[in-house]
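Descriptive structure summary
Each chain, written out:
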Protein chains: 2
Amino acid sequence: MANVSCGFDVLGFCLDPIGDEMIIRKTAEKGIRITKIEGQDLPLEAHNNVAGVAGLALLEAHPSAFGFEIEIIKGIKAGSGIGSSAASSAGAVFGINELLGRPFTRGELIQFAMKGEELASGTPHADNVAPVLLGGFTLVRCSKEPDVIGLPSPSELYATVLHPKIELKTSDARAVLKKNIMLEKAIQQWGNLAALVSGLYTNDYDLIGRSLVDVVIEPHRSALIPGFQELKKAATDSGALGSGISGSGPSMFALSRGEAAAIRVGESMRQAFLKYNIEFELHISKINPKGIHIISSK
Amino acid sequence: MANVSCGFDVLGFCLDPIGDEMIIRKTAEKGIRITKIEGQDLPLEAHNNVAGVAGLALLEAHPSAFGFEIEIIKGIKAGSGIGSSAASSAGAVFGINELLGRPFTRGELIQFAMKGEELASGTPHADNVAPVLLGGFTLVRCSKEPDVIGLPSPSELYATVLHPKIELKTSDARAVLKKNIMLEKAIQQWGNLAALVSGLYTNDYDLIGRSLVDVVIEPHRSALIPGFQELKKAATDSGALGSGISGSGPSMFALSRGEAAAIRVGESMRQAFLKYNIEFELHISKINPKGIHIISSK
């Protein structure tokens, strides 16, 4: 989940039960073949699939005598704002790296996974793939020559994510943003982001809550999200620390202290969203401190 | 010292040997009288002096049966970029608070000291008075209803400050700034500031160095500072972690790991600045973790 309110384009965190599952096998034939995609209609050609492109970038840096076959079971829908392309991009490079005997660290895999993001959105960005690979909260100080910093995740921090099943393309969500912003707003934003980072280090849940304010992006993107104001109000009224747009939307997230609070916030958001007659999913997730992992290996 | 490169208007830290000294006495007569100012020509009328205005703001919130007499020995010149008005504003409220038996915490004193800043610059801002009162690095998340966070100061962090003895008014330094900035630059800036905060928590000197980049303010203000490029180059070449404009200038600061490095950086900056034929002072300072303190009390 990227952006996290005041952390537009630099901050992200890893969700726990939400994600893609992938089966990756070594093959005698070199290169990468996507053999199957479940749960969504996505291109199978490796050069046209984010997982394929990310995997090929890794293999270019570390040529292998054998190839790889990938099956993808999509758990995150494209255009949801929960990092669908990042899940597949990061999954591919993580799995291939394991089968190669780990020539790269998790941090080094970011640069390859970013190639998948480039295919998906036009620019190679790390704010979604970094939390998948490193877990917890991550900060992308610089994406040009990737400089990614792992931040601590207070243990009682839970995310509530409401995902309306309508697609909002990242490119459309980008299009509503202005190229220029007021310096005054930028100062508020970086004050809040710096305070949020401080709150993560000191387990200061109140400070985390006070800092979850986005005066730059939210005012523009909120218009694209059905029920935005009601969802924010529902989250606040039911005790969330703060809330905002998940990624580029249309999903919304709230952060709460403790699982019980996150469930209560979810119930409140659910009630607020029912009147929109839009199908939706609701997720309650601890911040996943470890990131992507192996479910089973044979 | 406010701003600290990427932390424009929100970040600051407290210098050690540099500052004003003040003598504050209880008087039978109510109110505040500034009896003497050494080292600079500043108004003696309490309502027209930053120390007076700050002290009066405190007394309005906490009326006292007696009054106060203040002598100020200025160690910081107005218009230096090293927080001259903040030193006197914070000094007055700190001293008066002591003589009243500490009705306010150091954090609570910020709101009163900000009134002095308002007199000096037109807007009540906390980014200079907060480090004086709290010590170390401070972050002003919000200055409207002041929300100030104390950040840790890595113990080996030293500042080198070169202060050219020319005056640059904060209002003039403000005038060169544009009201709008590019979103892309803002993102770089808040990525760097968030990383700098992370570096302060983790004693990651390299990260602190990589994060001391200001792509928003420096490009405009650097033109007002004689020798800016040479001073930056001198600092970098001699091993500084990073450097930038101190406050709104004309002083320049560099941060280094260890006192020896800070002295070497200072020597290098001195050499670079000699050709400008502008009188200057050079300060080497540990980050002062405690802030303002009592020299002696009778």
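From a predicted model like this one, the values you see are computed outputs, not experimental measurements.

1. Side note on the confidence of the model for chain A
- Mean pLDDT over chain A works out to 95, with 100% of the residues at or above the 70 mark.
- For this predicted complex, the interface confidence score (ipTM) comes to 0.95, while the overall pTM stands at 0.96.

2. A short note on the relation of the copies chain B and chain A
- Overlaying chain B with chain A gives an RMSD of 0.0 Å, the required rotation being 180 degrees about an axis along which the chain moves by 0.0 Å. Here the two chains are linked by the operation of a two-fold rotation axis.
- The share of interface residues of chain B whose copies in chain A are also at the interface is 100%, consistent with both copies meeting through the same surface.

3. Re the nonpolar core
- Leu133 of chain A together with Leu133 of chain B are the most contacted members of the largest nonpolar core, which has 188 residues in total.
- In contact with Leu133 of chain A, other than residues within four places in its own chain, are Ala90, Phe94, Arg106, Leu109, Ile110, Ala113, Gly291 and Ile292 of chain A.

4. Some thoughts on helix H2 (residues 84–99) of chain A
All names here are of chain A.
- When the terminal C-alpha atoms of H2 are compared, their 23 Å separation across 16 residues agrees well with the 22 Å that a helix rising 1.5 Å per residue should span.
- When you tally the buried positions in H2, you get 14 out of 16 residues, the bulk of the element.
- Immediately beyond the C-terminal end of H2, within one or two residues, lies Gly101, with a positive phi of roughly 85 degrees.

5. Focus on the environment of Ile76 of chain B
Residues and elements named next belong to chain B.
- If you trace the backbone, Ile76 turns up in the loop between strand S4 (67–73) and helix H2 (84–99).
- For Ile76 and Glu145, which are 69 residues apart along the polypeptide, the C-alpha to C-alpha distance reads 28 Å.
- Setting aside residues no more than four positions away along its own chain, Ile76 makes contact with Ile18, Gly19, Asp20, Ile82, Gly83, Ser84 and Ala87.

6. Considerations on helix H3 (residues 106–121) of chain A
Residue and element names in this part refer to chain A.
- In this model, H3 (16 residues) spans 22 Å end to end at C-alpha, consistent with the 22 Å of a helix rising 1.5 Å per residue.
- Within H3, the axis deviates most sharply at Phe112, by approximately 30 degrees.
- Burial within H3 is extensive, with 12 of its 16 residues counted as buried.
- Of the positions making up H3, those classed as buried are Arg106, Leu109, Ile110, Gln111, Phe112, Ala113, Met114, Lys115, Gly116, Glu117, Leu119 and Ala120.
- Those residues of H3 that are buried are in contact with helix H1 (50–61), H2, helix H4 (129–134) and strand S6 (147–151).
- Backbone geometry just downstream of H3 places Gly122 in the positive-phi region, at approximately 95 degrees.

7. With respect to unusual backbone geometry
- Residue Pro250 of chain A is bonded to the preceding Gly249 of chain A through a cis peptide linkage, with omega at 5 degrees.
- Structurally, the position occupied by Pro250 of chain A is in the loop between strand S9 (242–245) and strand S10 (252–257).
- One non-glycine residue, Asn203 of chain A, adopts positive backbone phi at about 55 degrees.
- Look at Asn203 of chain A and you get partly exposed, because 15 C-beta atoms sit within 10 Å.
- One non-glycine residue, Arg102 of chain B, adopts positive backbone phi at about 60 degrees.
- Locating Arg102 of chain B in the fold gives a position in the loop between H2 and helix H3 (106–121).

8. Some details on the sheet that holds strand S1 (residues 11–13) of chain B
- Spatially, S1-S5-S6 (chain B) is the arrangement adopted by the 3 strands of the open sheet, whose pairing is antiparallel. On the outer flanks of this sheet lie S1 and strand S6 (147–151) of chain B, each paired with one strand and no other. Averaged over all pairs of adjacent strands, the angle between strand axes in this sheet comes to 25 degrees, irrespective of strand direction.
- Taken together, the 3 bridges between S1 of chain B and strand S5 (residues 137–142) of chain B define a ladder with antiparallel strand orientation. Each bridged residue has a counterpart across the sheet, and for Leu11 of chain B the counterpart in S5 of chain B is Leu139 of chain B.
- Contacts from helix H6 (residues 183–202) of chain A reach S5 and S6 of chain B within the one sheet, and its direction differs from that of S5 of chain B by about 120 degrees.

9. Describing the domain arrangement of chain A
All names here are of chain A.
- For chain A, the domain assignment lists domain 1 (21–150) and domain 2 (151–286).
- Using C-alpha coordinates to define each centre, domain 1 is positioned 26 Å away from domain 2.
- Those elements that place two or more of their residues in the side of domain 1 that touches domain 2 are strand S5 (137–142) and S6.
- When residues in the side of domain 1 that touches domain 2 are grouped by element, the largest group, 3 residues, is from S5.

Here is what the cut-offs are and how they apply
- Residues numbered from 1 in each chain as written.
- Chains lettered and ligands numbered in written order.
- Predicted model: local features only at pLDDT ≥ 70, side-chain atom pairs only at ≥ 80, totals over all residues.
- pLDDT = per-residue confidence, 0-100.
- Least-squares fit on C-alpha atoms with pLDDT ≥ 70 in both.
- Contact = placed C-beta atoms within 7 Å.
- Core = buried A, V, L, I, M, F, W, Y, C linked by C-beta atoms within 7 Å.
- Buried ≥ 20, exposed ≤ 12 C-beta atoms within 10 Å, placed from the backbone.
- Helix = DSSP H or I, 4+ residues; strand = E, 2+ residues; numbered from the N terminus.
- Expected span 1.5 Å × (residues − 1).
- Bend = angle between axes of the 7 residues up to and from the residue.
- Pairing = 2+ DSSP bridges.
- Axes fitted to C-alpha atoms, helices over the stretch in contact; angles between N-to-C directions.
- Domains from an automatic or database assignment.

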